[in-house]
Amino acid sequence: MLGTLALGLLTAVAPVQQMDTTFAVGGSDRLELHNMEGEIRVTGWNRNDVRISADIDDEDGYLSLNKSGSTIKVKTKWKYGPSNVDFVISVPKSMALNLHGVSTDVYLEDVGGEVTVETIEGEIGVRGGNGRINVHTVEGEIVIRDARGTIRASTAEDDITITNAVGEIFAETFEGDIILDDVDSRQVQGSTLDGDIHYNGTVHDGGRYRLTTHDGDVRMVIPANANATVVVASVDGDFETDFPIEVKDYHGGHRLSFVLGSGKAQAELETFDGSIQLVRQ
Amino acid sequence: MHDEWTERLSEYLDGALGWDDQARLEAHLDDCAKCTATLSGLRQVVARADGLEDQPPTRELWSGIVERIEAESRAGQSRAGGDVVDIRGRAGVRNELRPWQRRLSFSVPQLAAAGIATILMSAGAAWIALSSQGDGSELASAGGPDAGLVANQAPRIVAPPSVTLTGTDLPLITKYETAIEDLEEALRVGEGNLEPETVATLRHSLAVIDRAINEAREALAADPGSAYLNTHLANTMRRKMDLLRYANYFATAQS
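Residues numbered from 1 in each chain as written. Chains lettered and ligands numbered in written order. Predicted model: local features only at pLDDT ≥ 70, side-chain atom pairs only at ≥ 80, totals over all residues. Heavy atoms only, no water.

Let's shift gears to the confidence of the model for chain A. Model confidence for chain A is summarised by a mean pLDDT of 90, while 94% of its residues fall at 70 or above. Low confidence marks residues 1–15 of chain A, where pLDDT is under 50. Its contacts with residues over four positions away, or in another chain, come to 34 contacts. (pLDDT = per-residue confidence, 0-100. Contact = heavy atoms within 4.5 Å.)

The periodicity of an α-helix, 3.6 residues per turn, causes residues three or four places apart in sequence to face the same way. Residue and element names in this part refer to chain B. Look at helix α8 (residues 171–190): 28 Å from first C-alpha to last across 20 residues, which is about the 28 Å you get at 1.5 Å a residue. All of the buried residues along α8 are L172, I173, Y176, I180, L183, L187 and G190. Here the buried residues of α8 occupy an arc of 105° about the axis, which is enough to place them on one side. Facing away from the buried side of α8 by more than 90 degrees, the exposed set consists of E181, D182 and V189. (Helix = DSSP H or I, 4+ residues; strand = E, 2+ residues; numbered from the N terminus. Expected span 1.5 Å × (residues − 1). Buried < 20%, exposed > 50% of the residue type's maximum accessible area, 1.4 Å probe, protein only. Arc of directions from axis to C-beta.)

Moving on, we come to the confidence of the model for chain B. Residues and elements named next belong to chain B. Looking at chain B as a whole, its pLDDT mean stands at 58, while 44% of the residues score no less than 70. For chain B, per-element mean pLDDT is lowest for helix α7 (residues 139–143), which scores 24, and highest for helix α9 (residues 196–222), which scores 88. Within the model, pLDDT remains below 50 along residues 49–103, and this stretch shows 119 contacts once partners closer than five positions in the same chain are excluded. For this predicted complex, the interface confidence comes out at an ipTM of 0.74, alongside a pTM of 0.68.

Residues and elements named next belong to chain A. Strand direction decides the pairing type here: strand β17 (residues 187–191) and strand β19 (residues 208–215), joined by 5 bridges, are parallel. Note that in β19 the partner of G190 across the bridge is L211. One ladder, built from 7 bridges, connects β19 with strand β25 (residues 265–273); its direction is parallel. Across the sheet, the residue bridging to R210 is E268, located in β25. (Pairing = 2+ DSSP bridges.)

Take the environment of R47(A) next. Residue and element names in this part refer to chain A. Structurally, the position occupied by R47 is in the loop between β3 (30–45) and β4 (49–56). Residue classification places R47 among the partly exposed residues on the basis of a relative accessible area of 41%. Taking C-alpha positions, R47 is 9.0 Å from S90, a pair spaced 43 residues apart along the chain. Of note is the side chain of R47, whose polar atom sits 3.1 Å from the side chain of D49. (Polar contact = N/O pair within 3.5 Å; in protein donor to acceptor, adjacent residues only side chain to side chain.)

We now examine the nonpolar core. Judged by nonpolar contacts, the single largest core of 71 residues is most densely connected at F87(A), L108(A), M220(A) and L278(A). The dominant element in this core, judged by the number of residues it contributes, is strand β8 (residues 96–111) of chain A, at 5 residues. Membership of the second largest hydrophobic core comes to 38 residues, among which are F174(A), A233(A), L243(B) and F250(B). (Core = buried A, V, L, I, M, F, W, Y, C linked by side-chain atoms within 4.5 Å.)

All names here are of chain A. For β8, the tally of buried residues reaches 12 of 16 residues, placing the bulk of the element in the interior. Judged from the 13 bridges that link them, β3 and β8 form a sheet pairing that is parallel. Pairing of E37 across the sheet is with S103, part of β8. Both β8 and strand β9 (residues 115–118) contribute to a ladder of 4 bridges, which runs parallel. By the bridge assignment for β9, L99 is matched with V117. Looking at chain direction, β8 and strand β10 (residues 124–128) are connected through 4 bridges and run parallel. When the sheet's bridge partners are listed, V106 is paired in β10 with I124.

This is how it looks when you write it as structure tokens:
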């Protein structure tokens with residue numbers, strides 16, 4: 001339907017070009033967007049249309065839209081070099097999104113399909129998402145809420161916050177905190193090197209929960225009736241708990257383990273230099 | 001950092017992947033030399049770690065345990081009734097303990113250092129519950145069904161390690177070092193394709209990782225038999241390798 005469409009923008013004298021287009025999409029169509037610099041805002045709506053509005057901060061820039069199979073591809077193009085483009089996009093709620101940037105902030109609201117976001121310098125905010133949710137940046141904060149599915153989030157130098165999420169979570173940063181709050185998950189891996197990790201959520205029998213940092217605190221808040229085999233490791237830190245525990249085993253000079261209830265879940269809490277807290281909800 | 005299978009190799013080794021994922025990963029291994037090499041390295045680490053015996057506790061740490069428990073005891077006896085221990089946390093994260101849920105706080109090395117810690121941890125819990133609740137009949141409801149019920153458990157003292165490893169003895173770590181050198185060289189060549197701010201961020205993150213690696217190495221030198229420290233060092237080096245790969249990927253993509 002879209003075929004190959006190049007939208008050369010005609011306003012020669014204006015420093016900022018604007019484009020706005022709306023087109024119908026099928027139920028299985030996906031949106032793929034590349035924006036080198038600027039912002040991408042996507043909101044889910046209850047229509048089978050995609051609306052793309054863009055402010056282009058360069059008179060020689062334009063957008064390339066084409067459709068290949070079920071994938072609608074949008075790219076920013078430049079005659080001389082990339083400039084800032086701010087996108088505001090509306091999509092059907094269930095539409096899968098594949099968004100890429102370099103110096104680009106990405107914000108998604110009320111989306112209900114699979115999500116992939118990759119940027120280098122930029123923050124990422126996602127409200128919603130269902131299925132595979134992959135968000136990665138190098139420098140920028142990541143905030144995800146109300147997501148359902150398998151969440152993979154990584155940044156090099158900032159915090160990751162995931163709230164009200166259901167599904168597996170893999171969160172990784174090098175310098176920043178990881179906050180996992182109101183989480184219902186059978187598998188959680190949170191890892192940072194210089195930052196704290198907080199987990200407040202469920203512990204399912206058979207579940208696996210691994211929270212590790214090098215220089216920071218680990219705090220896990222779980223139900224009082226949780227069944228988990230817990231391994232705690234620290235080189236130079238304290239362990240605090242309000243669970244009545246019986247230390248079952250110790251390993252080397254830095255790890256110990258104990259069992260809560262039937263011990264059917266596995267929890268590993270590690271910090272090289274920091275405190276560890278295991279707290280009842 | 002982005003190869004979804006790389007971070008699931010340990011699950012594969014643990015047999016924790018479902019049938020579908022296992023089949024997909026094995027198909028991926030047929031085409032991915034890096035994942036195959038990483039998996040081989042992980043298998044070596046597991047084999048070596050399985051051969052490790054935990055080290056016995058050092059006697060010096062025992063006095064620290066006693067001092068802390070006695071200090072808790074004195075503090076508890078000086079307080080009338082139960083008090084609320086406030087562990088400050090993030091907004092939205094419940095951060096108060098119930099009055100009868102006094103916090104037990106010991107350093108992990110201290111706890112791990114003595115097998116007798118099992119007895120004292122339990123005794124400490126029992127004392128806390130008793131002193132705040134008044135009598136033992138309330139213990140079960142206050143501290144949970146198992147609180148204070150393990151005072152007769154014997155301490156477990158394990159044999160000295162039969163194998164002593166240092167971090168640099170691990171083949172995986174040697175491989176990581178080689179890979180990291182190559183990736184660092186590649187980044188030096190390609191970083192001109194990245195924005196200066198991005199390069200600064202990457203350099204900063206790499207410095208954070210290097211600091212962690214150095215600290216892990218120092219700790220490992222003092223405690224070479226620690227499986228935790230070996231694993232921690234290997235994981236931290238892997239993360240450096242992942243970041244360098246990621247940086248090189250983007251440097252190449254921008255060229």
